[in-house]
Amino acid sequence: MKNLTFGPLILLLALGGCTEAVAVGDLGIIGLTRTREMPPADTSYSIPAQETWCYRTMADTECFAAPQDVPPSRLVNVAPQYYYPMTADGYRARLAGLRPETPAKSGEEGGF
């Protein structure tokens with residue numbers, strides 16, 4: 001019974017010595033062949049920021065890809081945040097597509 005327990009244990013210990021030499025060799029090869037600088041990020045698969053205009057309705061909030069012709073008081077949120085119009089005139093200008101709204105300053109909230 002003793003041989004059945006120690007046999008596999010001795011075999012595992014013997015094979016464990018071989019893997020250490022292989023691991024050290026692999027680490028040496030990796031260290032010699034790796035590049036010193038990381039390659040630049042691949043942005044070809046990045047999705048550009050998309051406008052989302054969310055409005056209050058009688059039921060749930062509904063979101064659209066462009067401003068809708070509704071009263072500015074129903075506007076809940078705009079993403080990205082710097083598209084959020086700060087005034088009712090700014091909302092009407094965005095609705096008409098006349099000029100982009102200037103980015104909001106930090107700490108400033110959009111309101112009408």
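The following paragraphs examine the structure supplied in this document. (Residues numbered from 1 in each chain as written. Predicted model: local features only at pLDDT ≥ 70, side-chain atom pairs only at ≥ 80, totals over all residues. Heavy atoms only, no water.)

### Observations concerning the overall build of the chain
Part 1 of the argument: Looking only at helices and strands, the chain features two helices and three strands.
Part 2 of the argument: Start at the N end of the chain and walk to the C end: the helices and strands fall as α-β-β-β-α.
Part 3 of the argument: Expressed as a percentage of its 112 residues, the buried residues of the chain come to 15%.
Part 4 of the argument: Within the chain, residue pairs in contact and separated by at least 24 positions form 34% of the contacts whose partners lie at least 6 positions apart.
Part 5 of the argument: Of the roughly 9200 Å² that the chain leaves accessible, carbon and sulfur atoms contribute 62%. (Helix = DSSP H or I, 4+ residues; strand = E, 2+ residues; numbered from the N terminus. Buried < 20%, exposed > 50% of the residue type's maximum accessible area, 1.4 Å probe, protein only. Contact = heavy atoms within 4.5 Å. Areas by Shrake-Rupley, 256 points an atom, 1.4 Å probe, with all protein chains shown as cover.)

### Side note on the sheet that holds strand 1 (residues 52-55)
Part 1 of the argument: Spatially, 2-1-3 is the arrangement adopted by the three strands of the open sheet, whose pairing is antiparallel. The open sheet has two edge strands, strand 2 (62-64) and strand 3 (75-79), and neither has a second partner. Between one strand and the next, the sheet's axes are offset by a mean angle of 20 degrees, whatever the strand orientation.
Part 2 of the argument: Relative to strand 3, strand 1 runs antiparallel, the two sharing four bridges. Opposite Thr52, over in strand 3, you have Ala79 as the bridge partner. (Pairing = 2+ DSSP bridges. Axes fitted to C-alpha atoms, helices over the stretch in contact; angles between N-to-C directions.)

### Observations regarding the nonpolar core
The nonpolar side chains of a soluble globular protein tend to be buried with one another.
Part 1 of the argument: Residues Trp53, Tyr55, Val70, Leu75, Val78, Tyr84 and Tyr91 constitute the largest nonpolar core, which totals seven residues.
Part 2 of the argument: Excluding anything up to four places from it in sequence, Val70 contacts Tyr55 and Tyr91. (Core = buried A, V, L, I, M, F, W, Y, C linked by side-chain atoms within 4.5 Å.)

### Some words on unusual backbone geometry
Part 1 of the argument: Cis geometry marks the peptide bond from Ala79 to Pro80, where omega comes out at -5 degrees.
Part 2 of the argument: Within the secondary structure, Pro80 sits in the loop between strand 3 and helix 2 (88-96).

### Some remarks on the packing of aromatic side chains
Part 1 of the argument: Using the criterion set out here, one finds three aromatic pairs in the structure.
Part 2 of the argument: An angle of 55 degrees between the planes, with centres 6.1 Å apart, marks the rings of Tyr55 and Phe64 as tilted.
Part 3 of the argument: On the basis of relative accessibility, which here comes to 31%, the residue Phe64 falls in the partly exposed class.
Part 4 of the argument: It is Arg94 that lies over the ring of Tyr83; its NZ or CZ is 4.7 Å from the centre. (Phe/Tyr/Trp six-rings, centres within 6.5 Å; stacked < 30°, edge-to-face > 60°. Lys NZ or Arg CZ within 6 Å of the ring centre and 35° of its normal.)

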